[in-house]
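Here are the chains, one letter per residue:
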Amino acid sequence: FKALGFIPADYDPQPLLPALTRVFDAALAGGGAKSINFNELSSDLAEITYEFPFRIPPFFALIIRAIGVLEGIALVGDPSFAIIDSAYPYIANRLLTDDAPRVKEALRYMLYGEDGEFDVQQTVDLLQNLEA
């Protein structure tokens, strides 16, 4: 978060971690990343800015807003639309073909999670979306 400009470089992030954990746990509840509502996530992150020196950099704010608007438009035509479902084939391709260390670490985290236990269903989902 420091490197991306969300919190000041000299700020100890420990007091902020429970709030971020709460926001992202709520965003990921009920279906994981595929169930994220970007408008709710953006709103929840904005609330953190009142309690902590947490700021959403303009570039990220514009991306979140654009995704929220696009998803909102799509939901009018298809109430079950999830933007992550549409982006997942691209994400799967990047995770499996990009040699960048950060991408490899993201792949490792996705397949093994925080506890280091291999997630078969995540692997199946990833491979099925690679074919799409």
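Here the structure is shown first, and the text comes after it.
Every value quoted in this text rests on a predicted model; they were computed, and no experiment measured them.

> Please clarify how the overall build of the chain should be interpreted in this entry.
Secondary structure assignment for the chain yields six helices and zero strands. Written out in order from the N terminus, the α and β elements of the chain read α-α-α-α-α-α. Across its three principal directions, the C-alpha atoms of the chain cover 45 × 40 × 25 Å. Burial status across the chain gives 27% buried among its 132 residues.

> Can you walk me through a nonpolar patch on the surface in this structure?
A contiguous nonpolar surface patch, about 340 Å² in accessible area, is contributed by Tyr-112, Phe-118, Val-120 and Val-124. Structurally, Val-120 is set in helix α6 (residues 120-131). Look at Val-120 and you get exposed, because its relative accessible area is 52%.

> Help me understand the environment of Leu-41 in this model?
Structurally, the position occupied by Leu-41 is in helix α2 (residues 38-51). Overall, the relative accessible area of 10% leaves Leu-41 in the buried class. Distance from Leu-41 to Ala-9, taken between C-alpha atoms, is 24 Å for residues 32 residues apart in sequence.

> Teacher, can you tell me more about helix α4 (residues 83-97) here?
One turn of an α-helix holds 3.6 residues; hence residues three or four places apart share an orientation. With 15 residues, α4 ought to run about 21 Å at 1.5 Å a step, and its terminal C-alpha atoms sit 22 Å apart, in line with that. At Pro-89, α4 shows its maximal kink, close to 40 degrees. Of the residues making up α4, those classed as buried are Ile-83, Ile-84, Tyr-88, Ala-92 and Leu-95.

Quick notes on the rules
Residue numbers here run from 1 along each chain, matching the order of that chain's written sequence. A pLDDT threshold of at least 70 governs which residues receive local features in this predicted model, and a stricter bar of 80 or more applies before side-chain atom pairs are shown or counted, although totals over entire chains, interfaces and linings include all residues. Side-chain numbers come from the whole structure's heavy atoms, not from hydrogens or water. Only runs of H or I of at least four residues qualify as helices and only runs of E of at least two qualify as strands under DSSP, and these elements are numbered from the N terminus. For the exposure calls, accessible area comes from a 1.4 Å probe over protein chains only, and a residue counts as buried if that area is under 20% of its type's maximum, exposed if over 50%, partly exposed in between. Every patch collects residues that have over 30% relative accessible area and no salt bridge, joining them within 9 Å if they carry like charges and within 5 Å if they are nonpolar side chains (Val, Leu, Ile, Met, Phe, Trp, Tyr). Here the Shrake-Rupley method, with its probe set to 1.4 Å, supplies the accessible areas, and only the displayed protein chains count as covering residues. Here a salt bridge means any side-chain nitrogen of Lys or Arg lying within 4 Å of a carboxyl oxygen belonging to Asp or Glu. In this analysis, the expected span of each helix is defined as 1.5 Å times one less than the number of residues it contains. Consider a residue and the seven residues that end there alongside the seven that start there; fitting an axis to each set, the bend is the angle between those axes.

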